[in-house]
Amino acid sequence: NAGVTQTPKFQVLKTGQSMTLQCAQDMNHNSMYWYRQDPGMGLRLIYYSASEGTTDKGEVPNGYNVSRLNKREFSLRLESAAPSQTSVYFCASWAADASGNTIYFGEGSWLTVV
Amino acid sequence: ELKVEQNPLFLSMQEGKNYTIYCNYSTTSDRLYWYRQDPGKSLESLFVLLSNGAVKQEGRLMASLDTKARLSTLHITAAVHDLSATYFCAVEDGSGSRLTFGEGTQLTVNP
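Read on for a plain summary of the structure. Each chain carries its own residue numbering, running from 1 in the direction its sequence is written. All chains are assigned letters beginning with A, and all ligands numbers beginning with 1, in the order in which they are written. Reporting of local features is limited, given that this is a predicted model, to residues whose pLDDT is at least 70; pairs of side-chain atoms are given and counted only at 80 or more, and all residues count toward the totals for whole chains, interfaces and linings. Side-chain numbers come from the whole structure's heavy atoms, not from hydrogens or water.

## Brief notes about the pattern of salt bridges
Any Lys or Arg side-chain nitrogen found within 4 Å of a carboxyl oxygen on Asp or Glu counts as a salt bridge. In total, this model carries six salt bridges over all chains according to the counting rule given. For Lys3(B), the salt bridge goes to Glu1(B), with nearest N and O atoms at 3.5 Å. Residue classification places Glu1(B) among the exposed residues on the basis of a relative accessible area of 72%. The residue Arg31(B) makes a salt bridge to Glu92(B) at a minimum N-O spacing of 3.8 Å. Taken together, the residues Arg31(B) in the loop between strand S3 (19–25) and strand S4 (32–37) and Glu92(B) in strand S9 (residues 85–92) connect sequence positions 61 residues apart. The buried label applies to any residue whose accessible area, calculated with a 1.4 Å probe on protein chains only, is under 20% of its type's maximum; exposed applies above 50%, and partly exposed to all values in between. Given a relative accessible area of 28%, Arg31(B) falls into the partly exposed group. By sharing partners, the salt bridges in this structure join Arg36(A), Asp38(A) and Arg44(A) into a single network. Segments assigned H or I by DSSP are reported as helices when at least four residues long, segments assigned E as strands when at least two residues long, and all are numbered from the N terminus.

## Brief notes about the state of the cysteines
Cysteine sulfur atoms that come within 2.5 Å of each other are treated as a disulfide pair. A full pass over the atoms with the stated rule returns two disulfides over all chains. Between the sulfur atoms of Cys23(A) and its disulfide partner Cys91(A) the distance amounts to 1.8 Å. Measuring the twist about the S-S bond at about -75 degrees, one finds the Cys23(A)-Cys91(A) disulfide to be left-handed. Of this pair, Cys23(A) sits in strand S3 (residues 19–25) while Cys91(A) sits in strand S9 (residues 87–97), placing them 68 residues apart in sequence. Shown here is the disulfide that connects Cys23(B) with Cys89(B), its sulfur atoms set 2.0 Å apart. Judged by the torsion about the S-S bond (80 degrees), the Cys23(B)/Cys89(B) disulfide is right-handed. Taken together, the residues span a long stretch of sequence, with Cys23(B) in strand S3 and Cys89(B) in strand S9 at a distance of 66 residues. Of the two residues examined, Cys23(B) and Cys89(B), each falls in the buried class.

Below you can see the structure in the form of structure tokens.
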């Protein structure tokens, strides 16, 4: 059981380039999330998808787009990367079970924009 | 807008000592989560607190939730070096679909 898988793990981009971060989960979860983590700021929600076919903005959506391709996959796209988007990006998926809601995180994607 | 604040943000303590990390949040919520993160790694779930008065313990860590005070605590008993990490609390919003995280508490346990 792979859980939540993100690719790539590391990426360096030049300002203005575009790229897509891929995320897939094999746990049949409805809800998926993209967070960014910056020093001293915890994790901030970029976009989320409560179910297949729906997406919603989080706290810091500017400069990003997302696609919920199917129930398994939720991608994050940077159309024109900026140095302010240098960060660690975490994909997550969410399951409500008997012990409450459990959120599972991917391993993270380290993105540097120069 | 839900806001979550942790304190302290940095904590350096000696092995064998006790200490408490505090997590305050701004709007009503019955569900609170604690995570641990090691440098360069993802987040590991520690506790899920689902109701007022909930208390959970795992080893040297104990978490509690007071929804009336909008406060959760993570108590560390007789700290050991292996507990060195960054600890995050996160609060579920009223719709049950989003988590808002605190800034994190970077804990260093010194021999």
